[in-house]
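Residues per chain, in single letters:
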Amino acid sequence: MKRFHFDSTALRYFLTVVDTGSVNGAAARLNVVSSAVSRQIAGLEQRLQSQLFERHPKGMRVTEAGRILADHARRVEADAARTYAEIGGHNSRYTQTVKIAGAHGVAACALPPKFAAFQAHHPCVRFHLTVLDAGLVTERVRSAQADIGVTYSHAAEKDIAVVYARPAEIVAVMRPGHPLASHGTVQLTQLSAYPLALPDGASALRRLLDTAASLYNTTLSPAFTSNHPEAVYHYVLAGDAVTLCARLTAASQLNDGKLICRPIEDALLNGGQIQVQTHVSRPLPDAAHRFLHFMRSHTADLF
């Protein structure tokens, strides 16, 4: 049987178009002319007899065939990097980088101290952390752009193994002295009486909140939205606004007393988990495997 082989340059150019969303953007990043990128994409499409991108005035949108190829290309890159790291690992001075994708809040608060603790015993290991909305973290792991994902999830995910999980409590966060502070718990329907500060509509939590609100025939009409948690907290501190988030997301503000929280009584909102994820079948690089073992052996103080 004749073996099918992809040219590495073609795959590199293709992935750069996927990442930048345009031929011109890819050409600029690769420092080549746009026609060279176009030729590589056209060659791949001809060989596969499939359209890899939908061309739009504002850029290139990957097709389903393109998504499949992108997943393959990222696996090839990850496998090559792992092999290189394993060979180089025989040299005690060789550095390895662990790529981690983490959700807002959990990534910023919980992960950096773990990196430092691990590096105290493994000084040649480096970490690269990408902070994303929770729903995008899993895709990074699936497509080999991250070795490990730490995120919130409400359902099983295709091709994803969950190596650690704990319940993710959703709470209402407010300033001390807020009228709702006297309540032991808060109902979702009580929030309509106060300004709401919520994550923007693209976030996984916002979609979940909108779903829960629809079940109670109520509408969450935020006075302020942002994709940045810190901006939301500063807004809440300034008046009677309330925001909703996983307790861990606001841990630093809650611990220093700047904000307080009250549990939300809602089974749907509290049905999610904080998860540590890996790909179900792709082996981890040695450094990532050791860090994952370190995380699992410290689950009591992980989050």
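Before reading further, recall that the structure is shown in the block above.
Residues numbered from 1 in each chain as written. Predicted model: local features only at pLDDT ≥ 70, side-chain atom pairs only at ≥ 80, totals over all residues. Heavy atoms only, no water.

Re the sheet that holds strand β12 (residues 273-279)
Strand order in the open sheet made by the five strands is β4-β3-β5-β12-β6, with mixed pairing throughout. This sheet does not close on itself; its edge strands, each paired only once, are β4 (125-132) and β6 (160-167). Each neighbouring strand pair of the sheet contributes to a mean axis angle of 20 degrees, computed without reference to strand direction. Bridge analysis of β6 against β12 gives seven bridges, and the strand direction is antiparallel. (Pairing = 2+ DSSP bridges. Helix = DSSP H or I, 4+ residues; strand = E, 2+ residues; numbered from the N terminus. Axes fitted to C-alpha atoms, helices over the stretch in contact; angles between N-to-C directions.)

Digging into helix α10 (residues 286-296)
A287, A288, F291, L292, F294 and M295 are the residues of α10 that are buried. Taken around the axis of α10, the buried residues stretch over an arc of 155 degrees, which confines them to a single face. At its buried positions, α10 is contacted by β3 (96-103), α5 (106-119), β4, β5 (148-153), β6 and β12. (Buried < 20%, exposed > 50% of the residue type's maximum accessible area, 1.4 Å probe, protein only. Arc of directions from axis to C-beta. Contact = heavy atoms within 4.5 Å.)

Regarding the nonpolar core
Membership of the largest hydrophobic core comes to 55 residues, with the highest contact counts inside it found for I148, Y152 and F291. Counting 21 residues, the second-largest nonpolar core is a separate cluster that includes F14, V37, I41 and A73. (Core = buried A, V, L, I, M, F, W, Y, C linked by side-chain atoms within 4.5 Å.)

Focus: the packing of aromatic side chains
Applying the stated criterion to the full structure yields nine aromatic pairs. Ring plane angle 55 degrees and centroid distance 5.4 Å describe the contact between F14 and F53, whose orientation is recorded as tilted. Remark: F53 occurs in strand β1 (residues 53-56) and F14 occurs in helix α1 (residues 8-20); sequence separation between them is 39 residues. Judged by centre distance (4.8 Å) and plane angle (65 degrees), the ring pair of F127 and F291 falls under edge-to-face. Of the two residues, F127 sits in strand β4 while F291 sits in helix α10, which places them 164 residues apart along the sequence. Residue F127 is classed as buried on the basis of its relative accessible area, which comes to 18%. Site record: aromatic cluster; members linked through ring pairs are F115, F118, F127, F291 and F294. (Phe/Tyr/Trp six-rings, centres within 6.5 Å; stacked < 30°, edge-to-face > 60°.)

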